[in-house]
Amino acid sequence: MSDLRALLDERLKLWRWIIAATLILLGGGLYYFQILHEDTYVRLASGNRLRLIRFPPIRGEIYDRNGAPVAANVTTFDILGYPLDIEKNDMIEHLAALLSRHGIPVTGEDLEKNVKKQYWAPYRVVRVVTNITLAQMADLVADPEFPRQFFPLPVRRRTYPAGSLASNITGYVGEISESEMKLAAGKGYVGGDQTGKTGIERQYEDILRGTPGEESVEVDSRGRRVKSIHIRPPEEGEDLHLTLDLGAQRLAADLMKGYRGALVVMDVTTGGLIVLYSSPSYDNNPLAWGVTPKEWNALMADPDKPMMDRSIGGQYPPASTFKALVALAALTEKAVTPSTTFYCSGEFRLGRRVFRCWRRSGHGTMNLLTALQNSCDVYFYQAGLKLGITKLMKWAELFGLGSATGVDLPGESSGTTAGPEWKKARIKEAWYLGDTVNYSIGQGFLLTTPIQLARLYAALANGGMLVTPHLSSGGGEPPKKLDVSGKDLDIVRKGLDYVVRRGTGRQAGSFGITVAGKTGTAQNSHGDDHALFAGYAPMDDPKYVAVAIIEGGLHGSSVASPMVGEILSYLLLPESRAKTQ
Amino acid sequence: MEEKRLSLREKLAGLDKLQLLPVLFLFFLGILSIYSAGAGASGGGMKFALRQLVWGGISAAAFLFVLHTGYARILGAAYPIYMGTLAVLFSVMILGLTVKGSQSWLSLGFLRFQPSEFGKVALILVMAKHLCRYPPLTASSFLSALGLAGASGMLVLLQPDAGSALVYGAITIVVVVAAGTPWKYPLTLGGTALLLIPFGWGVLKEYQKARILVFLDPWSDPLGAGYNVIQSRIAVGSGGLLGKGFLEGMQSKLRFLPEPHTDFIFSVFSEEFGFAGAIGVLVLFGLLFWRLIETGMRTKDSRAKVLIAGVSAWIWFQTAESIGMSMGLLPVTGLPLPFVSYGGSSLLSLSIALALVQSVYLSTLKSY
């Protein structure tokens, strides 16, 4: 035991030496900095000789599929100064007077407020005035009275040449907020930096942004630059190319003028989005340059909700467009065969409840093809009942309903395939067979987004491949093969062909191309019914799928189907393209 | 050795004054610097200084309580104390308030404390007892001691409080070596750790990587992470021989220094009191260490020797790190400078630790 104690004492002695050595080393370090190199540090410290400048990176630009810019940069000038230098001798007041003389209306008070807001430390530069044009700047610096304590810095500002045409897609940039800065900790943002607020600008922020540059400068006691201590130039952000066709998007905007709703066109095999229009739209240019709270509130309070992207965020009952999926499910699950018929008398009785067909006088004897063609509700009530709610939901989910499509935009809604569990949780009621009847024609609790419907119809058109819709030309995951038989798909597609050729969707077929698709009229308890059309073209070898949803548009056949027909024809027929342009 | 217990008055009379004095001095210099740090643009100097004085009073009370109880009785309860600490550290991880991105605070309504500070005392106590019951002379007892200590270190690391976890590590290594473990064990361990460094890099968080890179070259990011290092070095260096004088340090007044009253308190102090003042602080710490080790040499109780090794390792590591960091010689970790930096939890737990050592000192005065 005493051996151990002796060992411990030995170790303690050693420990004492280690501590002593540490203290001596620290003392040596202090001697080095405080005595040997005192001059260097006194020079840097006295009068705060260190100035820090930050160069914002040039943001990548965004182009449509033909190379037309949807987000670009323009050069403007900011006037900068260090609080240390400008907060004396009424310098700011002087600058304000000078600016007013040159036709730029600002008051000293505004500028003071600006400086105060950005103040962090006396040697950190602040933007006193922003958004000065090149001509104004040249005029200002030519004035001999322009105070040398201020200096111009060229900055790139965001502009959106497509404006309200594609604002739901590109989104806009703005000054980073505190909460956004917290989320992006470690990425080197500082107050006043630009960041994507919505849309592609936000989704691809990391790619578009680039890396800010910085320079630390030693200045003399009068603020003049002595030497650059360290410089790192900014790195430009990467450009982004979209699958969007701005010409088609413009046509969509024209077609949708005066309506609320969404128009989506997608490549059926890749999932690339050609058109993604939400109506009404908003101009994103003023948002990127800064709006007053009043303007902002007006935009937010607009009853038509222009800031909401209906194409990915609007949730609507799929209505009769859902019947194509019910038909496919019923065939695959052997609930019906192509030759199975149901008689439509204009109504269907289930117990004591009566469910009417949209056509009160009835369609007579219907098989699968004629039922699709005429959108016969009674046929699908019975087909749906034979399938049962479990299988109906299974098929809806298989084709991506009830979950986000994964499109590369923020703010997508997932819709809901509201079944028995959802009903129990939401309205505390059991599921009745009558609910299944409504479900079979896409009414009731089922909600989908326009982009989900486009994806569903793309899968019908391309032979059962579930694509991931995307806007970035390099984006999108590879399609997922669904387990459906080509034979059953062919039958459903034939039915969709009948719809346009001689059924409810005839108006989609009058634009010189072969369209197949399905109309829909979604009951709306808050007002007029919504009109829907989902379809693809060319019928034999589908290239594009299109979905139009018009809020309060009453009947899908009259409003939505010609829109789909016209925009598909624009994309497929060169001559119709020339006509619109 | 059942003897007549000394009264508190007798105990106070027998205290090691040479150990107590430097601590009181450091605390006093700390109050001055805390006041000075907040006297400029960042504000709140008086508020922080008064609060630290209150914490000083609480710490003194805790000191008396521990002294009265005696180190032997506290060592007797070392295992339960340590287990309780582990439980608290665990719950902090779960429900702690988020302060500056790490969950190291536990709120008791009116006051908040950092359990990781008290954990250091608990760790030292349990190691002192454990290492003397199972001396780390074999590989298995060496590893079991590391495992016992590692439990608390891990919890602190997960909070995540990497700085404090380093202190736990330093304490553990020093006490195990002080308890007489053969050199080959810690050396093998150290060698393995060196080999694992490249893998460890991936585990670090962005801000931790930035701190290390900036330590290697502060100018690599002069506006971001390197900024603190550069400004702190300017503060220290511009202090010169005699300093700029109390309340005259411009680096801290004009917000050049971040966290001037806690992490960078030594920079504030040495800018104003210069090389002379800074060396004075080093001398005060030297005096303290000398008395700590002296007590360790005097006592016949092996547990007390290990305990003192642990307490001195704790103060040593934080002192070296905090002062080294202020000169940009060590990476920024945000550890307080013992007795000087603003912070109640740190001061209180250090007082408890010193009371334990004083209690050991008193036991060496007893007549045999």
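Please refer to the structure placed before this passage.
The structure displayed is predicted, hence computed values, not measured ones.

Visitor: Explanation requested: the packing of helix 4 (residues 91-101) of chain A against helix 5 (residues 108-118) of chain A in the structure shown.
Guide: The geometry of a pair of packed helices is captured by two quantities: the angle between their axes and the separation between those axes. Residue and element names in this part refer to chain A. One way to put it is that helix 4 packs onto helix 5 with a least axis distance of 8 Å and a crossing angle of 130°. Taken together, the axes of helix 4 and helix 5 are oblique relative to one another. The interaxial crossing formed by helix 4 with helix 5 has right-handed handedness. Residue-level contacts link Ile92, Glu93, Leu95, Ala96 and Leu99 of helix 4 to Gly108, Leu111, Glu112 and Val115 of helix 5.

Visitor: Would you mind showing me how to read the side chain of Ser346 of chain B here?
Guide: Residue and element names in this part refer to chain B. As for its position among the elements, Ser346 is in helix 15 (residues 344-365). What makes Ser346 buried here is its relative accessible area of 9%. Leave out the neighbours within four places in its chain, and Ser346 touches Glu117 and Pro336.

Visitor: In this structure, what is going on with the interface of chain A and chain B? I would like to understand it.
Guide: Accessible area lost during the coming together of the parts is what is often quoted as the interface size. Contacts between chain A and chain B engage 44 residues on the former and 59 residues on the latter. The contact between chain A and chain B buries some 4500 Å² in all, and 73% of this surface belongs to carbon and sulfur atoms. For the interface between chain A and chain B, the tally reads two salt bridges. The shortest N-O distance in the salt bridge between Lys305 of chain B and Asp9 of chain A comes to 2.5 Å. At the surface where chain A touches chain B, the tally comes to nine residue pairs in polar contact (both at pLDDT 80 or more). When contributions to the side of chain A that touches chain B are tallied by element, the ones reaching two or more residues are helix 1 (2-36), helix 2 (38-45), strand 1 (50-55), strand 8 (213-219) and strand 9 (225-232) of chain A. Taken together, the residues of the side of chain A that touches chain B break down into 27 nonpolar, seven polar and 10 charged.

Visitor: Any chance you could explain the environment of Asp206 of chain A here in plain terms?
Guide: Residues and elements named next belong to chain A. Structurally, Asp206 is set in helix 10 (residues 205-209). Taking the relative accessible area as the measure of exposure, Asp206 reaches 54% and is therefore exposed. Residues Asp206 and Thr195, 11 residues apart in the sequence, show an inter-C-alpha distance of 9.4 Å.

Visitor: In this structure, what is going on with the nonpolar core? I would like to understand it.
Guide: A general trend in soluble globular proteins is that nonpolar side chains are found buried together. Ranked by size, the top nonpolar core spans 129 residues in total, and within it Tyr379 and Phe399 of chain A carry the most contacts. Broken down by element, this core gets its largest block of residues, nine residues, from helix 21 (residues 450-461) of chain A. When residues of this core are assigned to domains, at least three fall in each of domain 1 (52-241) and domain 2 (246-580) of chain A. Listed in part, the 108 residues of the second largest apolar core include Val126, Ala179, Leu350 and Leu356 of chain B.

Visitor: Would you mind going over the sheet that holds strand 19 (residues 516-522) of chain A with me for this structure?
Guide: Residue and element names in this part refer to chain A. With respect to topology, five strands assemble into an open sheet ordered 12-11-21-20-19, the strand pairing being antiparallel. Across the chains shown, the open sheet's two edge strands, defined by having one partner strand only, are strand 12 (273-279) and strand 19. Strand-to-strand, the axes of this sheet are offset by a mean angle of 5°, without reference to chain direction. Examined bridge by bridge, strand 19 and strand 20 (residues 530-537) share seven bridges and lie antiparallel to one another. The partner of Gly517 across the bridge, within strand 20, is Gly535. Each of strand 11 (260-267) and strand 12 is contacted by helix 11 (residues 246-255), which is oriented at about 30° to strand 12, the strand it contacts most. Where helix 22 (residues 486-502) meets the sheet, it contacts strand 19 and strand 20, and its direction lies at approximately 70° from that of strand 19.

Parameters at a glance
Residues numbered from 1 in each chain as written. Chains lettered and ligands numbered in written order. Predicted model: local features only at pLDDT ≥ 70, side-chain atom pairs only at ≥ 80, totals over all residues. Heavy atoms only, no water. Axes fitted to C-alpha atoms, helices over the stretch in contact; angles between N-to-C directions. Helix = DSSP H or I, 4+ residues; strand = E, 2+ residues; numbered from the N terminus. Parallel < 35°, antiparallel > 145°, perpendicular 65-115°, else oblique. Left-handed = near helix turned anticlockwise from the far one by under 90°. Contact = heavy atoms within 4.5 Å. Buried < 20%, exposed > 50% of the residue type's maximum accessible area, 1.4 Å probe, protein only. Buried area = accessible area lost by both parts, 1.4 Å probe. Salt bridge = Lys/Arg side-chain N within 4 Å of Asp/Glu carboxyl O. Polar contact = N/O pair within 3.5 Å; in protein donor to acceptor, adjacent residues only side chain to side chain. Nonpolar A, V, L, I, M, F, W, Y, C, P; charged D, E, K, R; others polar. Core = buried A, V, L, I, M, F, W, Y, C linked by side-chain atoms within 4.5 Å. Domains from an automatic or database assignment. Pairing = 2+ DSSP bridges.

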